Amino acid sequence: MKRFRYYILPRLLLVLSIIAALFCLFFLWLSLDAPLPSPAAVCARMDRETYGSGGEIVASGPIDMTEEGIIIKNDYTDRDCWWFMRRSGDRFQLQVLERLAGFLWRPLDTAVNGCSYQLSPQDQPMGCAFDIVQLTTTDGPPGLDASKVIPILLCVDPAVVRVEAQLVTLAEEDWADPQTAIAQRGVSPTFTKAGDGVWVGPSPYVLIPWASPTSSGHLVAFCQGYDADGHLLCSYDPTEDME
């Protein structure tokens, strides 16, 4: 009896305590959307869940939606959020993850995750990802009057070493003459290469005015890709997709 009380029982209680603690940690892990220590592992798990094949992570960056004088409340506020662009051949896929405790990652934005961009070296070698967008309000009349975005340009032409883009919001009446809208309110950030076929705009990110106070319009990018000698190799005109 003494052996059970002083030797077996303490060890049994210790084992049961360890098992209970492991169960608590497991359920805590599940409640946090099963975070993993690697972004690639999270993306691979999402592929298995959606039967996707996103490929290799070729570029990534933090999502900062804060700006002085602008009211921003969204899923990115007060979170350590990152975007990841994956590439498989001529196909790109965007993922948005949140970092927890400095080393764990989990999916964040279900509306953005899995957005795919299929480009073609012959037909459409360039494109732009505008899925990380925050509608904001600024000082002035109530209502939405700006978009804060992370402009990400994509290109599958290996000879392209420099890209440019004119970002603008087009109202319905602007589609016939987009160059006028670009001249009036277009934004042309400087893009830097972030990975294989991926270029990203500066931080803080670009604010793009609305076309009018009553119409949100369409946020688009007119893109151009150049070789090392400055020759134009390819371009993307979003108005052609609307025809």
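Computed from a predicted model, the values in this text were never measured in an experiment.

Quick notes on the confidence of the model for the protein
Phase 1 of the analysis: A residue-level look at the protein finds 78% of positions with pLDDT of 70 or above and a mean pLDDT of 81.
Phase 2 of the analysis: Counting contacts from residues 139-144, a segment whose pLDDT is below 50, to residues more than four positions away or on other chains yields seven contacts.

Comments concerning a nonpolar patch on the surface
Phase 1 of the analysis: Together, Leu12, Leu13, Val15, Leu16 and Ile19 make up a nonpolar patch on the protein surface, roughly 420 Å² of accessible area in all.
Phase 2 of the analysis: Mapped onto the secondary structure, isoleucine 19 falls in helix α1 (residues 2-31).
Phase 3 of the analysis: Judged by its relative accessible area of 40%, isoleucine 19 falls in the partly exposed class.

Section: the sheet that holds strand β6 (residues 126-129)
Within a beta sheet, neighbouring strands are joined by backbone hydrogen bonds and run either parallel or antiparallel to one another.
Phase 1 of the analysis: Judged by pairing direction, the sheet is antiparallel, and its four strands sit side by side in the order β6-β9-β12-β11 without closing on themselves. Every other strand in the sheet has two partners, leaving β6 and β11 (192-195) as the edge strands with one partner each. Ignoring which end each strand starts from, the neighbouring axes of this sheet average 30 degrees apart.
Phase 2 of the analysis: Pairing of β6 with strand β9 (residues 152-155) involves four bridges; the strand directions are antiparallel. Each bridged residue has a counterpart across the sheet, and for methionine 126 the counterpart in β9 is cysteine 155.

A short note on the sheet that holds strand β15 (residues 232-236)
Phase 1 of the analysis: Overall, antiparallel pairing links the three strands, which are arranged β10-β14-β15 in an open sheet. If you trace the sheet from one side to the other, it starts and ends with β10 (162-170) and β15, each paired once. Recorded for the sheet is a direction-independent mean angle of 15 degrees between the axes of neighbouring strands.
Phase 2 of the analysis: Sheet topology note: the β10/strand β14 (residues 218-226) ladder contains nine bridges and is antiparallel. Note on β14: the bridge partner recorded for glutamate 164 is glutamine 224.
Phase 3 of the analysis: Along the sheet, helix α3 (residues 178-185) contacts β10 and β14; its crossing angle with β10, the most-contacted strand, is approximately 95 degrees.

So, how was this worked out
- Residues numbered from 1 in each chain as written.
- Predicted model: local features only at pLDDT ≥ 70, side-chain atom pairs only at ≥ 80, totals over all residues.
- Heavy atoms only, no water.
- pLDDT = per-residue confidence, 0-100.
- Contact = heavy atoms within 4.5 Å.
- Patch = residues over 30% accessible without salt bridge, like charges linked within 9 Å, V, L, I, M, F, W, Y side chains within 5 Å.
- Areas by Shrake-Rupley, 256 points an atom, 1.4 Å probe, with all protein chains shown as cover.
- Salt bridge = Lys/Arg side-chain N within 4 Å of Asp/Glu carboxyl O.
- Helix = DSSP H or I, 4+ residues; strand = E, 2+ residues; numbered from the N terminus.
- Buried < 20%, exposed > 50% of the residue type's maximum accessible area, 1.4 Å probe, protein only.
- Pairing = 2+ DSSP bridges.
- Axes fitted to C-alpha atoms, helices over the stretch in contact; angles between N-to-C directions.

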